[in-house]
Amino acid sequence: DAKTTQPTSMDCAEGRAANLPCNHSTISGNEYVYWYRQIHSQGPQYIIHGLKNNETNEMASLIITEDRKSSTLILPHATLRDTAVYYCIVRGNNAGNMLTFGGGTRLMVKP
Amino acid sequence: DSGVTQTPKHLITATGQRVTLRCSPRSGDLSVYWYQQSLDQGLQFLIHYYNGEERAKGNILERFSAQQFPDLHSELNLSSLELGDSALYFCASSTRGSGIYEQYFGPGTRLTVT
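### As for the sheet that holds strand E3 (residues 19-24) of chain B
Residues and elements named next belong to chain B.
For step 1, the next point in the chain: A sheet is described by the order of its strands in space; here four strands give the open sequence E1-E3-E8-E7, paired in antiparallel fashion. Since the sheet does not close on itself, it has two edges, and those belong to strand E1 (5-7) and strand E7 (64-68), each with one partner. The mean angle between the axes of side-by-side strands here comes to 15°, regardless of whether they run parallel or antiparallel.
For step 2, the next point in the chain: By the bridge criterion, three bridges tie E1 to E3 in an arrangement that is antiparallel. Considered in E3, the bridge of threonine 7 is made with arginine 22.

As structure tokens, this is what we get:
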């Protein structure tokens, strides 16, 4: 699986959009970008995934650059409950089925 | 609530002991994965079972073993426990054993070895 690079931490004001970047410059053509988050020692929670098109669901939007070397997870209106560690994971569909978590980005949403 | 249940929530035991962690996947999910999260190692994949069969192994110690039963629940057995085994243990489930899919994680079992 491709290695990902994320900032260690970010702050965001409550009610504003949180934009979390992820670099995955070695991504290959059949690898997807997944985002999970972990709120304070709870089990990780799936957010969204995509291949090359931008994706949106009820939780977030995922913007993948045209060359697929980076992506941004957007939480449109961050709340205090969005404070968590966000993990960007790149994997193919035959990658042994496990998720490989890096260090993630610790997002702090402030009032 | 992900629909994945894990018991117990907390476990405190002594070095050298053996413990069993239990996981019940979401209804209909055939795959169960186990992950370990320690302070210095982050979240690490241990093992994957699909419909009763072992599918993949990660950095799982020989002192650890797992199985998935016919009713699809899974157990992770940890033996000859060491202080370094203290960690959060998560299980996750998914519908299939391969392909693009999301994994749903349980609340975890916090193991403390003293």
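### Side note on the pattern of salt bridges
For step 1, the next point in the chain: Under the counting rule described, the total for this entry stands at five salt bridges over all chains.
For step 2, the next point in the chain: The partner of aspartate 82 of chain A in a salt bridge is arginine 37 of chain A, and the shortest N-O contact between them spans 2.8 Å. Of the two residues, aspartate 82 of chain A is situated in the loop between strand E7 (70-75) and strand E8 (84-92) and arginine 37 of chain A in strand E3 (residues 31-38); the sequence distance between them amounts to 45 residues.
For step 3, the next point in the chain: Looking at aspartate 82 of chain A, the relative accessible area reads 13%, which means it is buried.
For step 4, the next point in the chain: With its nearest N and O atoms 2.7 Å apart, the salt bridge here joins aspartate 29 of chain B to arginine 26 of chain B.
For step 5, the next point in the chain: What makes arginine 26 of chain B partly exposed here is its relative accessible area of 22%.

What counts and what doesn't
Residues numbered from 1 in each chain as written. Chains lettered and ligands numbered in written order. Predicted model: local features only at pLDDT ≥ 70, side-chain atom pairs only at ≥ 80, totals over all residues. Heavy atoms only, no water. Pairing = 2+ DSSP bridges. Helix = DSSP H or I, 4+ residues; strand = E, 2+ residues; numbered from the N terminus. Axes fitted to C-alpha atoms, helices over the stretch in contact; angles between N-to-C directions. Salt bridge = Lys/Arg side-chain N within 4 Å of Asp/Glu carboxyl O. Buried < 20%, exposed > 50% of the residue type's maximum accessible area, 1.4 Å probe, protein only.

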